[in-house]
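# Residue-level structure breakdown
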Amino acid sequence: MASLWEYANPRKFIATSDRVLPWVGALALACLVLGLVWGFFFTPEDYRQGASVKIIYLHVPAALMAINAWLMMLVASLIWIVRRHHVSALAARAAAPVGAVMTIIALATGAFWGQPIWGTWWVWDPRLTSFLILLLFYLGYIALWSAIENDDAAADLTSVLCLVGSVFALLSRYAVLFWNQGLHQGASLSLDKKENVADVFYLPLLVCIAGFVLLFVALVLLRTQTEIRARRMRALLARERMG
């Protein structure tokens, strides 16, 4: 485990991520192109939902990443609270806009998918409502970072907010298990063959999910580098003002 903490050093993190980023970015692009082309053009229409079922290749990966991005921020925030490693706090900050965009994509594609099935763009379904609240937490987290000038104080307060918001991240994932009411269907991916998505949609969906995961990793690495450099610049400017 000692070697893992080496990456808490900003220089080590930037050097390593510079080597990894091109490969992660290329794999993300390849998976997204393969998965989306396969899913949209080489899978059949659903016998009940028609062509609208193909929104699954955007909706499900985005929804998964919206939840898991917040959980990644939770882990990074806990590392900050316990170990006081600045890279972890900056990684959480870097992930927030990416997670917010994923949540917006999930909500928007869900509306387009649900409208022909439910006859409405929005219902106050438990999962939809918890996702909307999760988006508000993302926006609040981003705003709180921007509102506080002291980076350490901002990291402390946003870490607490991240802990609270994690409840809604988990609710977004398991809402349909907690409440039986609601129009939203069960999980598209399940160990239960009866609940799992049909095999013809399954493999391209997995490729799309891999693409979204790799895209998230690439964007977070890139944005964390930017946050490290911005923090260093603020520290230099503060030192100049004091001098």
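The rules we used
- Residues numbered from 1 in each chain as written.
- Predicted model: local features only at pLDDT ≥ 70, side-chain atom pairs only at ≥ 80, totals over all residues.
- Heavy atoms only, no water.
- UniProt positions renumbered as here; feature names shortened; annotations may be inferred.
- Core = buried A, V, L, I, M, F, W, Y, C linked by side-chain atoms within 4.5 Å.
- Buried < 20%, exposed > 50% of the residue type's maximum accessible area, 1.4 Å probe, protein only.
- Helix = DSSP H or I, 4+ residues; strand = E, 2+ residues; numbered from the N terminus.
- Salt bridge = Lys/Arg side-chain N within 4 Å of Asp/Glu carboxyl O.

The protein appears in an unreviewed UniProt entry as Heme exporter protein C from Pelagivirga sediminicola. Turning to the protein, the UniProt record has this under Sequence similarities (unreviewed entry): "Belongs to the CcmC/CycZ/HelC family." For the record of the protein, the UniProt heading Function (unreviewed entry) holds the text "Required for the export of heme to the periplasm for the biogenesis of c-type cytochromes."

## Remarks on the nonpolar core
By size, the foremost hydrophobic cluster in this structure holds 35 residues, and its most contacted members are Trp-70, Met-73, Phe-131, Tyr-138, Tyr-141 and Phe-216. For this core, the secondary structure elements donating two or more residues are helix H2 (56–83), helix H3 (86–118), helix H4 (126–147), helix H5 (151–178) and helix H6 (199–242). In terms of residue count, the dominant contributor to this core is H2 (eleven residues). Residues Val-53, Ile-56, Tyr-57 and Phe-201 belong to the second largest nonpolar core, which totals ten residues.

## So, the environment of Leu-128
The residue Leu-128 is located in helix H4 in this model. Separated by 18 residues in sequence, Leu-128 and Gly-110 have C-alpha atoms that sit 8.7 Å apart.

## Concerning the UniProt feature "transmembrane region" (unreviewed entry) in the protein
UniProt annotation of "transmembrane region" (unreviewed entry) refers to residues 20–43, 55–82, 94–113, 128–148, 160–180 and 200–222 when read in the numbering used here. Between the first and last C-alpha atoms of residues 20–43 the distance is 33 Å; the span itself is 92% helix and 0% strand.

## Considerations on the environment of Trp-23
Looking at the secondary structure, you find Trp-23 in helix H1 (residues 10–41). For Trp-23, a relative accessible area of 66% puts it in the exposed group. Along the chain, Trp-23 and Leu-214 lie 191 residues apart, while their C-alpha atoms are 9.7 Å from each other.

## Quick word on the pattern of salt bridges
For the structure on display, the rule yields five salt bridges. A salt bridge links Arg-84 to Asp-156; the shortest N-O distance between them is 2.9 Å. One end of the pair, Arg-84, is in the loop between H2 and H3; the other, Asp-156, is in helix H5, with 72 residues separating them in the sequence. Here Arg-93 and Glu-227 are joined by a salt bridge, their closest N and O atoms 3.7 Å apart. Of this pair, Arg-93 sits in helix H3 while Glu-227 sits in helix H6, and the two are 134 residues apart along the sequence. Per residue, the accessibility class of Arg-93 equals that of Glu-227, and both read buried. Within this structure, Arg-93, Arg-223 and Glu-227 form a network of salt bridges that share partners.

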